[in-house]
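Close look at the chain arrangement
Listed here are the chains, written in short residue letters.
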Amino acid sequence: MAPPTTVELHDDLPEPRWGAALPSAPAAADPLAAPVDNRPCAYLAVAGATLAAIGAFQVWLRISVAGLNPPGSAETGWAGGDGRSVVGAALVAGLAGGALLLQRRDVWLKIALLIAGGVTFVIALVHMVNAGSKAHDIQVQFGIPSGDVRAQIGAGLYMAMAGGAAILAAGLRARTHPA
């Protein structure tokens, strides 16, 4: 359909203009300009990192034989080696949490928290699951009758797992933007 060549004017209506631009919708607010308060995430990350680091030096596994705890039956995460990985992850999470407290919103902070929390959580979970196999290994190695050797998960593993979960939660909740 061709545009009309004549336009009837009314006193109360504005004159239409052909080819004029339509009014645009108001611009959406820039999500990067909106203030974001990452302090709760930062506090959660630092608290989780502290909890995980302390847990690395606590008892992770305690072996008892016939109800007795012989010397050397308790092992800390640090002595077992994986506690060192937990402490390293906790340091990374603590630094990332500190950067969030300084109002940094870089994507690498979120990634660092997610990796550090995931590593810490998985290490603690694997050690919890493998506690029974440690008792079995001791039964076989020393010829102890089955049922006499018990493995107990220590408080350090629970602390490391809770710290890892807190670090993960902080990473999931942190609001960032690309640099």
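The shown structure was predicted, so the numbers you read here are calculated from the model rather than taken from an experiment.

**What about helix 5 (residues 131-142)?**
- Between its terminal C-alpha atoms helix 5 stretches 17 Å, which fits the 16 Å expected from twelve residues at 1.5 Å a residue.
- All of the buried residues in helix 5 are Ala 131, Ala 135 and Gln 139. Take helix 5 and look down its axis: the buried residues cluster within an arc of 90°, on one side only. Every exposed residue of helix 5 that faces more than 90 degrees away from the buried side is listed here: Val 140 and Gln 141.
- Tucked into the core, helix 5 has its buried residues touching strand 1 (59-65), helix 4 (107-129) and strand 3 (149-153).

**Description of the sheet that holds strand 1**
- Spatial strand order, 2-1-3: three strands in an open sheet with antiparallel pairing. Sheet topology places strand 2 (74-76) and strand 3 at the edges, where each strand pairs with a single neighbour. Pairwise comparison of adjacent strand axes, ignoring direction, gives a mean angle of 15° for this sheet.
- Sitting on the sheet, helix 5 is in contact with strand 1 and strand 3, with an inclination near 150° to strand 3.

**Side note on the packing of aromatic side chains**
- Enumeration according to the criterion identifies one aromatic pair in this entry.
- Between the aromatic rings of Phe 57 and Trp 78, the centroid separation amounts to 4.9 Å while the plane-to-plane angle is 25°, which identifies the pairing as stacked. Here Phe 57 is found in the loop between helix 1 (39-56) and strand 1, whereas its partner Trp 78 is found in helix 2 (residues 77-80), with 21 residues between them in sequence.
- In this structure Phe 57 comes out as partly exposed when scored by relative accessible area, which is 44%.

**So, the environment of Ala 135**
- Residue placement: Ala 135 occurs in helix 5.
- The class of Ala 135 is buried, set by a relative accessible area of 6%.
- Sequence separation between Ala 135 and Ser 146 is eleven residues; the distance between their C-alpha atoms is 9.2 Å.
- Apart from the residues lying within four places of it in its own chain, the contact partners of Ala 135 are Ile 63, Val 149, Arg 150 and Ala 151.

**Quick look at the side chain of Lys 110**
- Checked against the element boundaries, Lys 110 lands in helix 4.
- Buried and without a salt bridge, Lys 110 has Asp 106 as its closest oppositely charged side chain, separated by 13 Å.
- There is a polar contact of 3.0 Å between the side chain of Lys 110 and the backbone oxygen of Gly 171.
- There is a polar contact of 2.8 Å between the side chain of Lys 110 and the backbone oxygen of Ala 174.
- If near-sequence neighbours (up to four positions away) are discounted, Lys 110 is found in contact with Gly 171, Leu 172, Arg 173, Ala 174, Arg 175 and Thr 176.

**With respect to a nonpolar patch on the surface**
- On the surface, Val 107, Ile 111, Ile 115 and Val 119 cluster together into a nonpolar patch covering about 300 Å² of accessible area.
- Inspection of the secondary structure assignment puts Ile 111 in helix 4.
- On the accessibility criterion, Ile 111 (43% relative accessible area) is partly exposed.

Rules used throughout
- Residues numbered from 1 in each chain as written.
- Predicted model: local features only at pLDDT ≥ 70, side-chain atom pairs only at ≥ 80, totals over all residues.
- Heavy atoms only, no water.
- Helix = DSSP H or I, 4+ residues; strand = E, 2+ residues; numbered from the N terminus.
- Expected span 1.5 Å × (residues − 1).
- Buried < 20%, exposed > 50% of the residue type's maximum accessible area, 1.4 Å probe, protein only.
- Arc of directions from axis to C-beta.
- Contact = heavy atoms within 4.5 Å.
- Pairing = 2+ DSSP bridges.
- Axes fitted to C-alpha atoms, helices over the stretch in contact; angles between N-to-C directions.
- Phe/Tyr/Trp six-rings, centres within 6.5 Å; stacked < 30°, edge-to-face > 60°.
- Lys, Arg positive; Asp, Glu negative; His and termini not counted.
- Salt bridge = Lys/Arg side-chain N within 4 Å of Asp/Glu carboxyl O.
- Polar contact = N/O pair within 3.5 Å; in protein donor to acceptor, adjacent residues only side chain to side chain.
- Patch = residues over 30% accessible without salt bridge, like charges linked within 9 Å, V, L, I, M, F, W, Y side chains within 5 Å.
- Areas by Shrake-Rupley, 256 points an atom, 1.4 Å probe, with all protein chains shown as cover.

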